[in-house]
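# Results of the structural survey
Below are the chains, spelled out letter by letter.
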Amino acid sequence: MESKVTTEHHRGNATIFTNPFLESLTKTSLTQNVIVYGLVVLVLMFYALFIKKIPLMNFLGLFIFALFFWTLAEYVLHRYLFHWISENKAIQRFHFIMHGSHHLFPRDKERLLMPPVPGIIMATVLFMGFYLIFSILGHAVYTWAFFPGFFLGYLLYSFLHRATHVNKPPKRFKHLWKHHSLHHFKYPDKAFGVSNTFWDRVFGTMPPKNS
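Residues numbered from 1 in each chain as written. Predicted model: local features only at pLDDT ≥ 70, side-chain atom pairs only at ≥ 80, totals over all residues. Heavy atoms only, no water.

### Brief notes about the packing of helix H3 (residues 56–81) against helix H6 (residues 143–166)
Rules: Think of each axis as a best-fit line through the C-alpha atoms, taken over the contacting stretch in the case of a helix, with angles from 0 to 180 degrees between the N-to-C directions. Helix and strand assignments follow DSSP, with helices taken as H or I runs no shorter than four residues and strands as E runs no shorter than two, numbered in order from the N terminus. What sets the label is the angle itself: under 35 degrees gives roughly parallel, over 145 gives roughly antiparallel, 65 to 115 gives roughly perpendicular, and the rest give oblique. For a crossing to be left-handed, the near helix must be turned anticlockwise from the far one by less than a right angle; the clockwise case is right-handed. Residue contacts are defined here by distance: any two heavy atoms, one from each residue, within 4.5 Å place the two residues in contact. In this classification, the charged set is Asp, Glu, Lys and Arg, the nonpolar set is Ala, Val, Leu, Ile, Met, Phe, Trp, Tyr, Cys and Pro, and all remaining amino acids, among them Gly, are polar.
It is at 7 Å that the axes of H3 and H6 come closest, and there the two elements cross at 45°. Considering the angle they form, H3 stands oblique to H6. Crossing angle aside, the handedness with which H3 passes H6 is right-handed. Only Trp144, Ala145, Phe146, Pro148, Gly149, Phe150, Leu152, Gly153, Tyr154 and Tyr157 of H6 make contact with H3, whose side of the interface consists of Phe59, Leu62, Phe63, Phe65, Ala66, Leu67, Phe69, Trp70, Ala73 and Glu74. For the contact of H3 with H6, the residue count by class is 17 nonpolar, two polar and one charged.

See the structure below:
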């Protein structure tokens, strides 16, 4: 599936909904996300260890595996879902809400993170999907160890993504800032990784070396 996202971009803020209430649900702040999502991760960890009583080593193994698994999910979701565009108006609208508005207004600070209301809804759907998979494997309880690691991976990615748009790059991570800038402003069909470049190297979507 080829990306049809362009490098067109504007300053200012996007308008996603004309309804003021719905529009407010599309905005968030760093503090709000740290508090809301941080509490969700902590509650999930507590539930896994003290309510479901998953052994500590089993929990840590699944938790760490999920952190790394997120990096693959980050690449796949970005490349195939968030860059999914067709002639269908409903799909075009979905794309604009989920990702297109970010490409058109990459410096819209209120939309660099996933707002809590849609974020919790999507997290619930993902949890149910993983629960089904672990149930099929005969270990449904391990969803409670896997999902907080996966969710934390997403949070770390989202905070790094925000930083690439609003902060100057630290010398050690300058390559990640450049990688994401190339995705936005030169190669929208490449450089889908944000927290890393590993999967772009694996799947052949690295920008040209002389970029």
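### Topic: helix H7 (residues 174–185)
The line we're drawing: In a helix, the anticipated span is given by 1.5 Å times the number of residues less one. The rule is simple: take the accessible area with a 1.4 Å probe, protein chains only, and divide by the maximum for that residue type; under 20% is buried, over 50% is exposed, in between is partly exposed.
Under the 1.5 Å per step criterion, the end-to-end length of H7 is 16 Å for 12 residues, consistent within 8% with the ideal 16 Å. Buried within H7 we find Leu176, Trp177, His179, His180, Leu182, His183 and His184. Tucked inside the fold, the buried residues of H7 contact H3, helix H4 (89–104), H6 and helix H8 (198–203).

### What about the packing of helix H5 (residues 116–136) against H6?
In the contact formed by H5 and H6, the axes pass within 10 Å of each other and the chain directions differ by 140°. On the basis of the axis angle, H5 is oblique to H6. Judged by the sense of rotation from one axis to the other, the crossing of H5 with H6 is right-handed. Contacts between H5 and H6 pair Ala123, Leu126, Phe127, Phe130, Tyr131 and Phe134 from the former with Thr143, Trp144, Phe146, Phe147, Phe150 and Phe151 from the latter. Residues of the contact of H5 with H6, tallied by class, amount to 11 nonpolar, one polar and no charged.

### A short note on unusual backbone geometry
Within the chain, Lys53 stands out as a residue other than glycine whose phi angle is a positive 55°. Judged by its relative accessible area of 61%, Lys53 is exposed. Positioned with a positive phi, Ala191 is a non-glycine residue whose angle comes to about 55°. Among the structural elements, Ala191 can be located in the loop between H7 and H8. For Ala191, a relative accessible area of 0% translates into the label buried.

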